[in-house]
Amino acid sequence: MTTWLDNFLFAVLPGTCILCDAYTRRNLDLCLACEADLPWLNHACLICSIPLPEDDAICGKCLVKRPPFTRCHSVFVYRFPVDRLILNFKEKQNLVIGKILATLLVNSLPRGFSAPDLLVPVPLHKSTLRKRGFNQSAEIARVLSDFWSIPLDTQNCSRVINTRSQKSLSLNDRVANIRGAFDISRNYQGERIAIVDDVVTSGATVAELARLIASKGAGSTEVISIARTPI
Ligand SMILES: [Zn+2]
Ligand SMILES: [Zn+2]
């Protein structure tokens with residue numbers, strides 16, 4: 001949430017762009033030129049948000065089988081420099097970058113994108129959380145929670161299995177690897193839930209969590225993420 005104090009401070013001490021070091025002269029440490037050059041996800045599957053050629057609306061995978069979430073909204077293709085920014089945010093604890101990316105996410109929400117009832121960030125296993133010190137998805141969700149004035153649940157959803165990294169796995173192996181990884185200790189009563197993740201890759205993680213959320217009584221589930229990997 002931008003306050004008059006933020007605006008005053010940025011007027012007196014103009015922000016410095018995290019990519020080119022220029023003065024940004026606005027309430028964000030990213031200049032307009034660098035913002036325009038980011039790999040915006042301009043055309044994507046209307047359901048799972050995978051980057052698509054302009055004449056396709058829904059990807060082949062979603063045509064064959066709909067994922068267990070209504071839709072996914074992602075802002076960027078997971079490419080340079082967004083990939084580096086996300087790595088710096090996660091692995092080097094650069095929370096300023098997280099705030100910038102989350103602000104761009106809020107600013108990119110399509111007109112008519114109404115607020116869900118509850119935000120559920122993809123939880124980290126407690127050993128990863130201990131090592132990293134924070135959950136990057138919760139940091140992103142916090143900005144969305146402030147923007148919409150809706151609750152954020154970081155307490156009732158946990159990652160109970162410390163899964164192997166999904167990076168080197170095939171799609172089938174990713175689905176098997178993540179199965180049963182989450183637990184939710186509450187029930188929902190028809191709420192519209194938005195899962196928040198930093199990067200959606202195969203979609204196996206958010207699909208697993210969406211299935212569990214549905215089984216706990218959610219009315220619908222969607223996914224909001226900073227970046228989406230290409231096919
Ligand atoms: Zn710049
Ligand atoms: Zn799709």
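Look above for the structure.
Residues numbered from 1 in each chain as written. Chains lettered and ligands numbered in written order. Predicted model: local features only at pLDDT ≥ 70, side-chain atom pairs only at ≥ 80, totals over all residues. Heavy atoms only, no water.

What follows concerns the layout of surface pockets. As a volume, the largest pocket reaches approximately 990 Å³. Residue lining of the largest pocket: 35 residues in total, with K90, Q136, S165, Q166 and K167 positioned closest to the centre. At the level of elements, α4 (82–91), α6 (126–132), α7 (136–148), β5 (192–200) and α9 (204–215) are the ones that each hand at least two residues to the lining of the largest pocket. For the lining of the largest pocket, a count of residues per class yields 9 nonpolar, 16 polar and 10 charged. (1 Å grid on protein atoms, 1.4 Å probe; cavity = no way out; pocket = protein on both sides within 12 Å on 5 of 7 lines; lining within 4 Å. Points joined across faces, edges and corners; volume = space filled by probe spheres on them. Helix = DSSP H or I, 4+ residues; strand = E, 2+ residues; numbered from the N terminus. Nonpolar A, V, L, I, M, F, W, Y, C, P; charged D, E, K, R; others polar.)

Buried residues dominate β5, accounting for 9 of its 9 residues. Pairing of strand β2 (residues 118–121) with β5 involves 4 bridges; the strand directions are parallel. By the bridge assignment for β5, L119 is matched with A194. Note on the crossover from β5 through α9 to strand β6 (residues 220–228): the handedness is right-handed. (Buried < 20%, exposed > 50% of the residue type's maximum accessible area, 1.4 Å probe, protein only. Pairing = 2+ DSSP bridges. Right-handed = clockwise from strand over helix to strand, strands pointing away.)

Judged by nonpolar contacts, the single largest core of 35 residues is most densely connected at L30, F76, L144, W148 and I226. Taken together, the elements giving at least two residues each to this core come down to β1 (72–77), α4, α5 (95–108), α7, β5 and β6. Here this core takes 7 residues from α5, the largest share from any one element. Looking at which domains feed residues into this core, each of domain 1 (1–37) and domain 2 (40–228) supplies at least three. Once residues lying within four places of it in the same chain are set aside, the contact partners of L144 are L105, V106, L109, L119, V196 and I224. (Core = buried A, V, L, I, M, F, W, Y, C linked by side-chain atoms within 4.5 Å. Domains from an automatic or database assignment. Contact = heavy atoms within 4.5 Å.)

The next subject is a nonpolar patch on the surface. Together, I18, L19 and V96 make up a nonpolar patch on the protein surface, roughly 210 Å² of accessible area in all. With respect to the element layout, V96 can be found in helix α5. Since its relative accessible area comes to 43%, V96 is described here as partly exposed. (Patch = residues over 30% accessible without salt bridge, like charges linked within 9 Å, V, L, I, M, F, W, Y side chains within 5 Å. Areas by Shrake-Rupley, 256 points an atom, 1.4 Å probe, with all protein chains shown as cover. Salt bridge = Lys/Arg side-chain N within 4 Å of Asp/Glu carboxyl O.)

Around the zinc ion (ligand 1), the protein supplies C17 (SG), C20 (SG), C31 (SG) and C34 (SG) as donor atoms, at distances of 2.3 Å. For the zinc ion (ligand 1), the single-chain donor residues occur in sequence as C-x2-C-x10-C-x2-C. Here C34 lies in helix α2 (residues 32–37) and C17 lies in the loop between α1 (4–12) and α2, a separation of 17 residues in the sequence. Side by side, C17 and C34 carry an identical accessibility label, which is buried. (Donors = N, O, S within 2.8 Å, 3.2 Å for Na, K, Ca; no water.)

Per the stated rule, a full pass over the model turns up 0 disulfides. Looking at C157, it has no disulfide partner, and the nearest cysteine sulfur is the one in C72, 17 Å off. (Disulfide = S-S within 2.5 Å.)

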